[in-house]
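Next come the chains, spelled out residue by residue.
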Amino acid sequence: MKHRVVITGMGCISPLGNSVKETWDNLVAGKSGAGTITKFDASAFPTRVAAEVKNFNPEEYVDKKDVKKYDMFCFYALAAAKEAMEQAGLADNNFNHERAGCCIGAGIGGFKVIEDTQAAYLAGGFKKVSPFFIPGVIINIANGLVSIKYELKGPNVSMVTACATGTHSIGDAARIIERGDADIMVAGGVEAAITPLAVAGFANMRALTRRNDEPEKASRPFDKDRDGFLIGEGGGVLVLESLESAKARGAKILGEIVGYGMSSDAYHVTLPASDGNGARRCMEAAIKDAGITPDKIGYINTHGTSTPAGDVLETKAIKDVFGDAAKTVKISSTKSMTGHLLGAAGAVEGIITMMAVNEGIVPPTINIENQDEQCDLDYTPNKAVSHEMEYGLSNSFGFGGTNASLVFRKYAE
């Protein structure tokens, strides 16, 4: 028996706000979360802008003595999970813990703590390395901390698929519920990689924008003057549940995950397949899994990173999948406002897609001032629009040629 998978809780930490509502309201308003980097001195860097999380205090989620034990991505996971679990009505731990699991991943993990520990080691030797160093930086520790807090004793796994991590995490968690291995899965992606090494690495491979004088205009997907992605940070967590479990609890159902697709470009370490076939096959698989035709999709939240090659190839893939419907489907890249959240992107954008479906509003792609001729679809330029829909599609593509797509549906009995 294949179980239906519904969403009963959502939580979000992003450059636009420390909750789903705050993030969503700022997206609809077309606000940018970008600014000059404050987390370190980037004055000598070719890229000096980023989309940072603001006004976030880890001590709201862990004891003060534990703040130094873990990297920031762990705290983003705990914060997003708290909001999601509270919305789902599960924060009181009144559920079957052995039938509840966790699947939260990150693309990079504890970069900041690794950098700081290396500096301490070089300055003072091995005695300066904290005994908490290893458990504080490994990617699955965020997943572990959430599992411990809510006593999630079912499946416990972490995905690491670069910028597709959040989407793969949600999709794989949904599959676990579909086949009956759990009733509840807490799933998503987190990232906190605005650090000197990460920014230097991305900048030196010329992946990042260098529009330093106009941070709020730096991320401009599908615009002819785009010059790379804007690095961001944050986390998104969804509570997924079998329909039977949600109904038995009397939970409010926020939506449904009906399609999940995966593919590999098998082409290049960092560049997407030159004809967009990986993205095409991924979207086709998700739509097929949903049991619908492409014209039923009302909105596509694109990967849309604001890179010269990626935006063109995703546009081509959409045309190949949707045919004539490509000209009418509503599309946007919310990375124009959040920046690229790397391993957290797919989770946050999954939440955004579900919100778009439920609210009947398509958030805009801001900073489209000179639309690229090769990007000739309707990307909802600069202003949100009202649009009733039943299904939304979210895309995530990562280094190594890994691709993931999810189809979200407005809940109906």
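Higher on the page you've got the structure.
Below is a summary of the structure that appears in this document. What you see as residue numbers is a count from 1 along each chain, following the sequence as written. Reporting in this predicted model follows two pLDDT cut-offs: at least 70 for local features of residues, and 80 or more for side-chain atom pairs to be given and counted; totals over whole chains, interfaces and linings ignore these cut-offs and use all residues. To obtain the side-chain values, all non-hydrogen atoms of the structure were included, while hydrogens and water were left out.

Attention shifts here to the overall build of the chain. The helix and strand labels rest on DSSP assignments: H or I over at least four residues marks a helix, E over at least two residues marks a strand, and numbering proceeds from the N terminus. Tallying secondary structure elements over the chain gives twelve helices and 14 strands in all. By its C-alpha atoms, the chain is 65 × 55 × 40 Å across when sized along the principal axes. A total of 413 residues make up the chain; the buried ones form 60% of that total. Across the chain, the fraction of contacts at a sequence separation of at least 24, relative to all contacts at a separation of at least 6, is 79%. Shrake-Rupley sampling with a 1.4 Å probe provides the accessible areas, and residues are treated as covered by the protein chains on show and by no other component. Counting every atom, the chain has about 15800 Å² of accessible surface; 52% of that belongs to carbon and sulfur. Averaging the coordinates of the 42 positive side-chain charges in the chain and doing the same for the 50 negative ones gives two points 2 Å apart. For every residue, the accessible area obtained with a 1.4 Å probe (protein chains only) is divided by the maximum for its type, and the residue is called buried under 20%, exposed over 50%, and partly exposed between those limits. In this description, contact between two residues means that some pair of their heavy atoms is separated by no more than 4.5 Å. Positive residues here are Lys and Arg, negative ones are Asp and Glu, while His and the chain termini are left out of the count. Charged groups are reduced to one reference atom each: NZ for lysine, CZ for arginine, CG for aspartic acid, CD for glutamic acid.

Once that is clear, we can look at the packing of helix α2 (residues 72–88) against helix α5 (residues 140–150). Only the stretch in contact is used when a helix axis is fitted, and all axes are lines through C-alpha atoms; the angle between N-to-C directions ranges over 0 to 180 degrees. Two elements in contact, α2 and α5, have axes whose closest approach is 9 Å; the angle formed by their N-to-C orientations is 40 degrees. Comparing the axis directions of α2 and α5 gives the class oblique. Viewed along their axes, α2 and α5 form a crossing whose handedness is right-handed. For the pair α2 and α5, contact is made by F73, C74, A77, L78, A81, K82 and M85 and by I141, A142, L145, V146, K149 and Y150, respectively. Residue polarity follows a fixed list, in which Ala, Val, Leu, Ile, Met, Phe, Trp, Tyr, Cys and Pro are nonpolar, Asp, Glu, Lys and Arg are charged, and the others, Gly among them, are polar. Classifying every residue of the contact of α2 with α5 gives eleven nonpolar, no polar and two charged. Oblique is the label for any angle not under 35 degrees, not over 145, and not in the 65 to 115 range, which are roughly parallel, roughly antiparallel and roughly perpendicular in turn. Throughout, a crossing is termed right-handed when the near helix is turned clockwise from the far one, and left-handed when it is turned anticlockwise from it by less than a right angle.

As a further point, take the pairing of strand β6 (residues 184–191). Among the eight residues in β6, eight count as buried, and that is most of the element. Here strand β4 (residues 100–106) pairs with β6 via seven bridges, running parallel. By the bridge assignment for β6, C103 is matched with A187. Between any two strands, at least two bridges found by DSSP are needed for them to pair. Bridge analysis of β6 against strand β7 (residues 234–242) gives eight bridges, and the strand direction is antiparallel. Its bridge partner being in β7, V186 is matched across the sheet by V239.

Take the nonpolar core next. Ranked by size, the top nonpolar core spans 41 residues in total, and within it I7, M10, I170, L238, L240 and I257 carry the most contacts. Every element with two or more residues in this core is listed here: β1 (5–13), α1 (20–28), α6 (165–178), β6, β7, β8 (255–264), α12 (345–359) and β14 (402–409). For this core, the element with the highest residue contribution is α12, accounting for nine residues. Setting aside residues up to four positions removed in sequence, I7 forms contacts with L238, V239, L240, K252, I253, L254, G255, I257, M354 and F408. By nonpolar core is meant a set of buried Ala, Val, Leu, Ile, Met, Phe, Trp, Tyr and Cys residues that side-chain atoms within 4.5 Å join together.

Taking strand neighbours across the sheet as the criterion, the ten strands line up as β5-β4-β6-β7-β1-β8-β14-β13-β9-β10 in an open arrangement whose pairing is mixed. Strands with a single pairing partner mark the edges of an open sheet, and in this sheet they are β5 (156–157) and β10 (330–332). Both β1 and β7 contribute to a ladder of eight bridges, which runs antiparallel. Of the residues in β7, the one forming a bridge with G11 is V237.

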